[in-house]
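# Notes for the structure review
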Amino acid sequence: MFGFVSQGDNTAMQLDLDTEYDYFSQKPGSICSYGAEFNFDMLDTGEEDVDATTNFHLELDGSTEKYLAGGNRGMFAFGESTYDFYGGTWAEDVDDNMDLEIGIGAGYGRVVYAKPVAQAYAIADAVGNTSDETVLAIATVIGAADTYEGKYKDDAMQTYYNDLAVASGDPSAAMTIYKVLNSSAYNISDRATGYSLKVGHENNYLREEGNEDKGYLTVEGKYAKPMGLNQQFIASFDLKQDLTEEGDGVMTAGAWYFLDHSYNWSSNAGLIYTSNIDGAEDGFNNLDEDDSTCITETCITFAASTTKAILNQCSVTAGLGYEMWSDGDNDIDPRLSLNVRFTYWVF
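First, a word on what this report is: a plain description of the structure on this page. (Residues numbered from 1 in each chain as written. Predicted model: local features only at pLDDT ≥ 70, side-chain atom pairs only at ≥ 80, totals over all residues. Heavy atoms only, no water.)

Pairing of strand E4 (residues 53–69) with strand E5 (residues 75–88) involves 14 bridges; the strand directions are antiparallel. Among the inter-strand pairings, phenylalanine 56 is bridged to a residue of E5, identified as glycine 87. By the bridge criterion, eleven bridges tie E5 to strand E6 (residues 98–113) in an arrangement that is antiparallel. Of the residues in E6, the one forming a bridge with alanine 77 is alanine 106. (Pairing = 2+ DSSP bridges. Helix = DSSP H or I, 4+ residues; strand = E, 2+ residues; numbered from the N terminus.)

This is the structure in structure tokens:
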């Protein structure tokens, strides 16, 4: 937070303050989250002809989804916003030191994160009781994991694993459960189920004078399907189109498959297609660099990997990648990559 150094005639002082707050609530008919972050720093090097600097940054963000009809998987409205304010030395030389990004829209469906159920089944299998009631009881405790630290403070970890052991039906199994959830030998892939489609509009409503940006049209689709207790399929579609005249756009579609062969062996494969929609002659001038990692007109990427843990001390991962690019009339050679990685846990 504070630093002070004195040497001869030179005195240096530095002050750094950071604070962050986050809130998240998920209910059957709604999802809500918001947060705030504030950063302040001051630096005086004490050197001659070097001015002291003072900078601060305030960020506020929030998002919500509210289901309107059809229960907790029907029609919903959503909104999200982020406010950024920069002040101090840095802001003295810029005309635009504030941003207010707002996105609104509507959608249908819901994708539910279900990895706690897969973890619960792995625990129940290790303990020797895989009844539906036991799996549900364990998954309920795992789903509440984030609340333990705030409620039990220093005893959070001990209470959490004791509660999991009780839910499993074997109060003495706390260490076995800890191994299942934390050992690198246990490969439990992410799980999700459901489908959703979202259409919205987002824009920055605090822009520098003269900026006639009309914002972006966004379309997001996702489908997730668990296949038995050890397989997962996920497909997604994303479109971001600049609505400004001659604006650019990015469209991405992908599909992924995950398979847990056993508790210590898992594999996955994915195929991603990306298309840059170029509406201007000078390239993708209106999109942020993070909006697309494809620098040609289209990109197709296939990747697959498998990881096997051996004797709880070593694992081996083999990966395959294949990429193809298309840039109009230009021929670009595809790229094939193979890699093998060994990992050994010393401790």
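This next bit is on the pattern of salt bridges. Under the defined criterion, the tally for this structure stands at five salt bridges. In this structure, lysine 115 engages aspartate 190 in a salt bridge whose closest nitrogen and oxygen atoms are separated by 3.5 Å. Here lysine 115 is found in helix H1 (residues 115–127), whereas its partner aspartate 190 is found in the loop between helix H5 (174–182) and strand E7 (192–204), with 75 residues between them in sequence. Classification of aspartate 190 by relative accessible area gives partly exposed; the value is 43%. (Salt bridge = Lys/Arg side-chain N within 4 Å of Asp/Glu carboxyl O. Buried < 20%, exposed > 50% of the residue type's maximum accessible area, 1.4 Å probe, protein only.)

With a phi close to 55°, lysine 153 is a non-glycine residue in the positive phi region. With respect to the helices and strands, lysine 153 occurs in the loop between helix H3 (148–152) and helix H4 (156–168). Taking the relative accessible area as the measure of exposure, lysine 153 reaches 55% and is therefore exposed.

Next up on the list: the environment of leucine 197. Inspection of the secondary structure puts leucine 197 in strand E7. Accessibility expressed as a relative area gives 44% for leucine 197, which makes it partly exposed. Residues leucine 197 and phenylalanine 237, 40 residues apart in the sequence, show an inter-C-alpha distance of 9.1 Å. Once you skip the residues sitting within four places of it in the chain, leucine 197 turns out to touch Phe76, Ala106, Gly107, Tyr108, Val219, Glu220 and Gly221. (Contact = heavy atoms within 4.5 Å.)

Counted according to the given criterion, the structure contains 13 aromatic pairs. With a centroid separation of 5.2 Å and an interplanar angle of 50°, the aromatic rings of tyrosine 67 and phenylalanine 76 are classed as tilted. Accessibility assignment for this pair places tyrosine 67 and phenylalanine 76 in one class, buried. Across from the ring centre of phenylalanine 78, 4.4 Å away, lies the NZ or CZ of lysine 198, which sits over that ring. Looking at lysine 240, its charged tip hangs above the ring of tyrosine 216, at a distance of 4.5 Å from the centre. (Phe/Tyr/Trp six-rings, centres within 6.5 Å; stacked < 30°, edge-to-face > 60°. Lys NZ or Arg CZ within 6 Å of the ring centre and 35° of its normal.)

Here we come to the packing of helix H2 (residues 132–143) against H4. Running from N to C, H2 and H4 cross one another at 165°; their axes reach a closest spacing of 8 Å. When the interaxial angle is binned, H2 and H4 end up roughly antiparallel. Seen along the crossing, H2 lies across H4 with a hand that is right-handed. Across from Thr134, Ala137, Ile138, Val141 and Ile142 in H2, the residues of H4 making contact are Tyr160, Asp163, Leu164, Ala167 and Ser168. Considered class by class, the residues forming the contact of H2 with H4 number seven nonpolar, two polar and one charged. (Axes fitted to C-alpha atoms, helices over the stretch in contact; angles between N-to-C directions. Parallel < 35°, antiparallel > 145°, perpendicular 65-115°, else oblique. Left-handed = near helix turned anticlockwise from the far one by under 90°. Nonpolar A, V, L, I, M, F, W, Y, C, P; charged D, E, K, R; others polar.)

For the rest of this paragraph, the subject is the environment of aspartate 132. As for its position among the elements, aspartate 132 is in helix H2. On a C-alpha basis, the gap between aspartate 132 and methionine 324 in space is 45 Å, while along the polypeptide they are 192 residues apart.

Attention now goes to the side chain of threonine 307. By the element assignment, threonine 307 lies in strand E12 (residues 298–310). Engagement of the side chain of threonine 307 in a polar contact is seen with the side chain of threonine 317, the distance being 2.9 Å. If near-sequence neighbours (up to four positions away) are discounted, threonine 307 is found in contact with Asn187, Asn264, Trp265, Ser266, Ser315, Val316 and Thr317. (Polar contact = N/O pair within 3.5 Å; in protein donor to acceptor, adjacent residues only side chain to side chain.)

A separate point is H4. With 13 residues, H4 extends 18 Å between its outermost C-alpha atoms, agreeing within 8% with the 18 Å of an ideal straight helix rising 1.5 Å per residue. Ala156, Thr159, Tyr160, Tyr161, Leu164, Ala165, Ala167 and Ser168 are the residues of H4 that are buried. Of the residues trailing H4, glycine 169 is marked for its positive phi of about 90°. (Expected span 1.5 Å × (residues − 1).)

In this sheet, strand E3 (residues 30–44) lies alongside strand E2 (residues 10–27) in antiparallel orientation, the contact comprising 15 bridges. Counterpart to phenylalanine 24 in the pairing with E3 is serine 33. Connecting E2 to the antiparallel partner E3 that follows it, the hairpin turn spans two residues. Pairing geometry for E3 and E4, over 14 bridges, is antiparallel.

This part covers the nonpolar core. With 23 residues, the main nonpolar core has Ile138, Ile142, Tyr160, Leu164 and Ile177 as its most contacted residues. Broken down by secondary-structure element, the contributors of at least two residues to this core are H1, H2, H4 and H5. When residues in this core are grouped by element, the largest group, six residues, is from H4. Aside from chain neighbours lying at most four places away, what touches isoleucine 177 is Ile123, Val127, Tyr161, Leu164, Ala165 and Ser168. (Core = buried A, V, L, I, M, F, W, Y, C linked by side-chain atoms within 4.5 Å.)

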